[in-house]
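# Inside the fold
Spelled out, the chains give:
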Amino acid sequence: MTGELARRSYVIGQTEISARPLEPALYLVATPIGNLADITLRALETLAAADIVACEDTRVSRVLLDRYGIRRRTTAYHEHNAGEAGPKLIAALLAGQSVALISDAGTPLISDPGYRLVGEALDQGIRVVPIPGPSAPLAALTASGLPSDAFLFAGFLPIKTGQRLTRLEALKTVPATLIFFESPRRLAETLGAMVEALGGARKAAIGRELTKTFEEIRTGTLESLADHYAAADTPKGEIVICVGPSEATADEPADIDRLLLSLAAEMPASKAAAEAAKMTGSQKQALYRRLLELKDTGKKGDTGKEGDTGKDDVG
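Residues numbered from 1 in each chain as written. Predicted model: local features only at pLDDT ≥ 70, side-chain atom pairs only at ≥ 80, totals over all residues. Heavy atoms only, no water.

When helices and strands are counted, the protein chain shows 12 helices and 12 strands. Here the C-alpha atoms of the protein chain give a radius of gyration of 26 Å, more than 25% beyond the 20 Å that 2.2 N^0.38 yields for 315 residues. With respect to the three principal axes, the spread of C-alpha positions in the protein chain is 90 × 50 × 30 Å. The buried share of the protein chain, reckoned over its 315 residues, is 42%. Looking at the protein chain as shown, the accessible area adds up to about 16,800 Å², and 52% of this sits on carbon and sulfur atoms. Separation between the mean location of the 36 positive side-chain charges and that of the 41 negative ones in the protein chain comes to 3 Å. (Helix = DSSP H or I, 4+ residues; strand = E, 2+ residues; numbered from the N terminus. Rg over C-alpha atoms; globule rule 2.2 N^0.38 Å. Buried < 20%, exposed > 50% of the residue type's maximum accessible area, 1.4 Å probe, protein only. Areas by Shrake-Rupley, 256 points an atom, 1.4 Å probe, with all protein chains shown as cover. Lys, Arg positive; Asp, Glu negative; His and termini not counted. Charge placed at Lys NZ, Arg CZ, Asp CG, Glu CD.)

What follows is the structure, given as structure tokens:
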């Protein structure tokens, strides 16, 4: 390696700063999601000091590295070569080298194959060090105005209509703000599916081109957003969808008890539990156990159908 390439430094403005040596480890370095000024000082020093910088796309990452005068060896690590590149990176780590893992944008492992490399590193007793920073899901969530005390990042939805609806149905009762990535070409179709599966009244937000020149955050109900993007031209740029949790209040325990007893008066216990689960979003097995408790403690009146022993299969 030439002396020029061997320099472990980074440049801010006109100032070149030497990077301190890194201990051997796998460093997970968050990089800007659009605005290159969002890089952290710790990230710059880590990238400048690492023996190897593993990139999702070396061409994309080179733009960032050149911006800050970082001349480090880069290697590709992505979904299509993880099986081949991963063992080589692990071998380098076991040999005492430091590896910085970055994605094209944002925090590594978020919707990319880096988690496999981390798992392999941990299995080998290799230290893994997070270098936190920009994240598109968190940027969209904080600007959405939706509840942030509990949230679920669900990545990309399936492309096929049936599979997409099935996935959304599975997420319908999650008591948290849902966050998705989506292609601009599929945004209108996906919002329509969300209206169908989750209900049009849910509050939502679309984050587009976050941190970039043409950043846009559009809020409204799922129905209003679906109508807007169905009529608009296909948007450009990276898309994050945030969907607020259902505003339906959770059923009080006493209300659920009354519902269970009412259903059990008309049908076997297992079927009553199944029906209550559909109506409340609660787990069938938990409701079945609760119904048996009610029957055991409420013998004062017949709460079940005659002949129902409470021992039917809840499967």
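The structure having been displayed, the exposition proceeds.
Moving on, we get to the pattern of salt bridges. Tallying each qualifying case throughout the model produces 14 salt bridges. The partner of Lys 88 in a salt bridge is Glu 84, and the shortest N-O contact between them spans 3.6 Å. Here Glu 84 and Lys 88 lie together in helix α4 (residues 82-94), a separation of four residues that amounts to about one turn. The exposure classification of Lys 88 matches that of Glu 84, with both residues exposed. The partner of Glu 293 in a salt bridge is Arg 290, with the nearest N and O atoms 3.2 Å apart. Residue Glu 293 and its partner Arg 290 are both found in helix α12 (residues 284-297); the two are separated by three residues, about one turn of the helix. On the accessibility criterion, Glu 293 (41% relative accessible area) is partly exposed. Looking at Arg 290, the relative accessible area reads 31%, which means it is partly exposed. Within this structure, Arg 208, Glu 216 and Arg 218 form a network of salt bridges that share partners. (Salt bridge = Lys/Arg side-chain N within 4 Å of Asp/Glu carboxyl O.)

As a further point, take the packing of aromatic side chains. Evaluation of the coordinates by the stated rule reveals two aromatic pairs. Each ring, one from Phe 153 and one from Phe 181, has its centre 4.9 Å from the other, and the planes form 70°; the classification is edge-to-face. With Phe 153 in strand β8 (residues 151-156) and Phe 181 in strand β9 (residues 177-182), this pair connects stretches of sequence that are 28 residues apart. For Phe 181, a relative accessible area of 14% puts it in the buried group. Following the ring pairs from residue to residue traces out a cluster consisting of Phe 153, Phe 156 and Phe 181. (Phe/Tyr/Trp six-rings, centres within 6.5 Å; stacked < 30°, edge-to-face > 60°.)

Before going further, it helps to examine the pairing of strand β1 (residues 9-12). Note that β1 and strand β2 (residues 15-18) share four bridges and pair antiparallel. What sits directly across from Tyr 10, in β2, is Ile 17. The hairpin formed by β1 and β2 contains two residues between the paired strands, and Gly 13 there has a positive phi angle of roughly 65°. (Pairing = 2+ DSSP bridges.)

Okay, the packing of helix α8 (residues 187-198) against helix α9 (residues 222-231) next. α9 packs onto α8 with a crossing angle of 155° between their chain directions and a minimal axis gap of 8 Å. When the axis of α8 is compared with that of α9, the two are roughly antiparallel. The chirality of how α8 crosses α9 is left-handed. Where α8 approaches α9, its residues Leu 187, Ala 188, Leu 191, Gly 192, Met 194, Val 195 and Leu 198 are matched on the opposing element by Leu 222, Glu 223, Leu 225, Ala 226, Tyr 229 and Ala 230. (Axes fitted to C-alpha atoms, helices over the stretch in contact; angles between N-to-C directions. Parallel < 35°, antiparallel > 145°, perpendicular 65-115°, else oblique. Left-handed = near helix turned anticlockwise from the far one by under 90°. Contact = heavy atoms within 4.5 Å.)

We now examine the side chain of Thr 31. Of note, Thr 31 is situated in the loop between β3 (26-29) and α2 (41-49). Every residue in contact with Thr 31, bar those within four places of it in the chain, is listed here: Ile 39, Leu 64, Ile 102, Ser 103, Asp 104, Ala 105, Gly 106 and Pro 134.

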